Amino acid sequence: MSSGGIDIFGLFFLPTWVAVLAVGMISYLNSAAILVYAERRIASFIQNRVGPNRVGPFGLFQPLADVVKLLLKEDVTPAQGYKVLHSVAPMIPVITALMSVAVIPFGENLYVTDINAGVLYILAVASLGVYGVTLAGWSSNSKYSLLGGLRAAAQMISYELPMGMAVASVVLVAGSLSMVDIAASQEHLWNVFINPIGAIIFIIAAFAEANRTPFDLVEAEQELVGGFHTEYSGMKFGMFFLAEYMHVFIGSILITTFFFGSYHLPFAGYWLPELDPLIKGILDVSVFSLKVVFWCFVFIWVRWTIPRFKYNQVMKLGWSRLLPLSILNFMIIATGMYIYHNFF
């Protein structure tokens, strides 16, 4: 296990990993507020209506006003619910989202730590978030909440498998489980050009894992009132709200890292000259950020464009379509890599 980073953080007399971790956490928390505003603006544009425009210039302070409102709201706990788990459950998705920053490379030598099982760490941490949703549904002692929690667990299992197979095909191409190595391996050619089917599978699974439309069956208001967070109010509900947008941000980061070159420009290894480390670091972070912003936009765009699926359609897509396709894609990539390494 090793860590690395750009020396600019030394100006603040901070260890590199502390600085990167702090920047990552602040970025995650700020990204949720920015995404809330961006979603409301983009949704209003798509639906030809006026978005937030009252609180602050252009409604920019609306997310801050929402936070203040949630902080001041009464915290209601069901009398017959499991009070301890009811309070702990909203923290789990937020904590797991923050934990994922540890192995994400934001640029060359700009990461908290490089562990040789970074992919396994990401998959493990991502799968823990569903426990918060499931526990919230069970501890609320409400049939609607319980059904939402059970749906979340079933959906997670259904889409974790094709997502894992898509990531496994990326690992084959990179020859490493390290997130840093996977990012570095795309300097000459992005994985989306080598493994387009895996990219499509991963993107669909990322939407399902984030519980975003058209996969937001765990909180379908027509059927379950509010799903797993029906009995939540105040900042407990706010933490679930925060976690949703943080997972959109994480999903965008992982799509960028695994398939769209991470911090690399297209075919950068062929034409980009050697740059000063500071300039290279700024360029890497800028490129990475622009890609993440684009995928965050796609998450929002899809939500306000495609209608919600029925639950049987969600399960059929996961088990009957994506899982067999992901296994077939893995076998094709494995065969291709074997031929490439042994005959070329």
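Residues numbered from 1 in each chain as written. Predicted model: local features only at pLDDT ≥ 70, side-chain atom pairs only at ≥ 80, totals over all residues. Heavy atoms only, no water.

1. Here's the deal with the overall build of the protein chain
Scanning the protein chain for helices and strands turns up 14 helices and two strands. Looking at the protein chain residue by residue over its 344 residues, the buried ones come to 48%. Counting contacts in the protein chain only where the partners sit at least 6 residues apart, residues at least 24 apart contribute 80% of the total. Total accessible area on the protein chain is roughly 17100 Å²; 71% of this is exposed by carbon and sulfur atoms. (Helix = DSSP H or I, 4+ residues; strand = E, 2+ residues; numbered from the N terminus. Buried < 20%, exposed > 50% of the residue type's maximum accessible area, 1.4 Å probe, protein only. Contact = heavy atoms within 4.5 Å. Areas by Shrake-Rupley, 256 points an atom, 1.4 Å probe, with all protein chains shown as cover.)

2. Digging into the confidence of the model for the protein chain
On average, residues of the protein chain score 85 in pLDDT, and 90% of them are at 70 or above. This model gives residues 1–14 a pLDDT under 50, and the stretch forms 29 contacts once residues within four places in sequence are excluded. (pLDDT = per-residue confidence, 0-100.)

3. Side note on the pattern of salt bridges
One pass over the structure, following the stated rule, counts eight salt bridges. Close ionic contact of lysine 280 with glutamate 108 constitutes a salt bridge, the shortest N to O distance being 3.3 Å. Of this pair, lysine 280 sits in helix 13 (residues 277–303) while glutamate 108 sits in the loop between helix 4 (91–99) and strand 2 (111–114); the two residues are 172 residues apart in sequence, bridging distant segments of the chain. Using a relative accessible area of 16% as the deciding quantity, one classes lysine 280 as buried. Of the charged contacts, one joins glutamate 244 and arginine 212 as a salt bridge, the two residues approaching to 3.0 Å between their closest N and O atoms. A residue pair is termed long-range when its members are at least 10 positions apart, and glutamate 244 in helix 11 (residues 234–259) and arginine 212 in the loop between helix 9 (196–209) and helix 10 (221–224) qualify at 32 residues. Both residues of the pair, glutamate 244 and arginine 212, belong to the buried class. Here the salt bridges do not stand alone but share partners, grouping Glu39, Arg212, Glu244 and Arg303 into one network. (Salt bridge = Lys/Arg side-chain N within 4 Å of Asp/Glu carboxyl O.)

4. Concerning helix 13
The end-to-end C-alpha distance of helix 13 is 39 Å, a good match for the 39 Å that 27 residues give at a rise of 1.5 Å each. One side-chain oxygen at the N-terminal end of helix 13 lies 3.0 Å from the backbone nitrogen of leucine 278; it belongs to aspartate 276. (Expected span 1.5 Å × (residues − 1). Polar contact = N/O pair within 3.5 Å; in protein donor to acceptor, adjacent residues only side chain to side chain.)

5. A look at the side chain of glutamine 186
Structurally, glutamine 186 is set in the loop between helix 7 (179–184) and helix 8 (191–194). By relative accessible area, which is 0% here, glutamine 186 ends up buried. Reaching out from glutamine 186, the side chain makes a polar contact with the backbone oxygen of threonine 257 at a distance of 2.7 Å. A polar contact of 2.9 Å, which involves the side chain of glutamine 186, links it to the backbone nitrogen of glycine 261. Once residues lying within four places of it in the same chain are set aside, the contact partners of glutamine 186 are Asn191, Thr257, Phe258, Phe259, Phe260, Gly261 and His264.

6. Concerning the nonpolar core
If you look at the biggest cluster of nonpolar residues, it comprises 62 residues, and the most contacted ones within it are Phe202 and Phe258. At eleven residues, helix 11 tops the list of elements feeding residues into this core. Leave out the neighbours within four places in its chain, and phenylalanine 258 touches Val119, Val167, Val170, Met179, Ile182, Gln186, Asn191 and Phe202. Core analysis: the next-biggest nonpolar cluster, separate from the first, contains ten residues, Ala89, Phe228, Tyr232 and Phe240 among them. (Core = buried A, V, L, I, M, F, W, Y, C linked by side-chain atoms within 4.5 Å.)

7. Thoughts on the packing of aromatic side chains
Under the counting rule described, the total for this entry stands at 16 aromatic pairs. Taking the centre distance of 5.4 Å and the plane angle of 70° together, the rings of tyrosine 159 and phenylalanine 215 count as edge-to-face. Placement of the pair is tyrosine 159 in helix 6 (residues 143–174) and phenylalanine 215 in the loop between helix 9 and helix 10, with a sequence separation of 56 residues. Take phenylalanine 215: its relative accessible area is 4%, and that puts it in the buried class. On the basis of an interplanar angle of 25° and a centroid distance of 6.2 Å, the ring pair of phenylalanine 237 and phenylalanine 241 is categorised as stacked. Of this pair, phenylalanine 237 and phenylalanine 241 both sit in helix 11, separated by four residues, roughly a single helical turn. Each residue in the set Trp190, Phe193, Phe260, Phe267, Phe294 and Trp295 is aromatic and connected to the rest through ring pairs, giving one cluster. Across from the ring centre of tyrosine 311, 4.9 Å away, lies the NZ or CZ of arginine 151, which sits over that ring. (Phe/Tyr/Trp six-rings, centres within 6.5 Å; stacked < 30°, edge-to-face > 60°. Lys NZ or Arg CZ within 6 Å of the ring centre and 35° of its normal.)

8. A word on the side chain of asparagine 191
By the secondary structure assignment, asparagine 191 is in helix 8. Taking relative accessible area as the criterion, asparagine 191 reaches 3% and is therefore assigned buried.

9. Quick notes on the environment of valine 130
In this structure, valine 130 sits in helix 5 (residues 118–139). With a relative accessible area of 13%, valine 130 lands in the buried category. As for valine 130 and leucine 150, which are separated by 20 residues in sequence, their C-alpha atoms are 10.0 Å apart. When residues no more than four places from it in sequence are discounted, the contact partners of valine 130 are Ala152, Ala153 and Met156.

10. Here's the deal with the environment of lysine 291
Positionally, lysine 291 belongs in helix 13. Lysine 291 gets classed as buried once you look at its relative accessible area, which sits at 12%. Counting along the chain gives 28 residues from lysine 291 to tyrosine 263, while the straight-line C-alpha distance between them is 8.4 Å. With near-sequence residues (within four places) excluded, lysine 291 lies in contact with Trp190, Thr256, Phe260, Gly261, Ser262, Tyr263 and His264. Here serine 262 takes part through its backbone oxygen, which lies 2.9 Å from a polar atom of the side chain of lysine 291.

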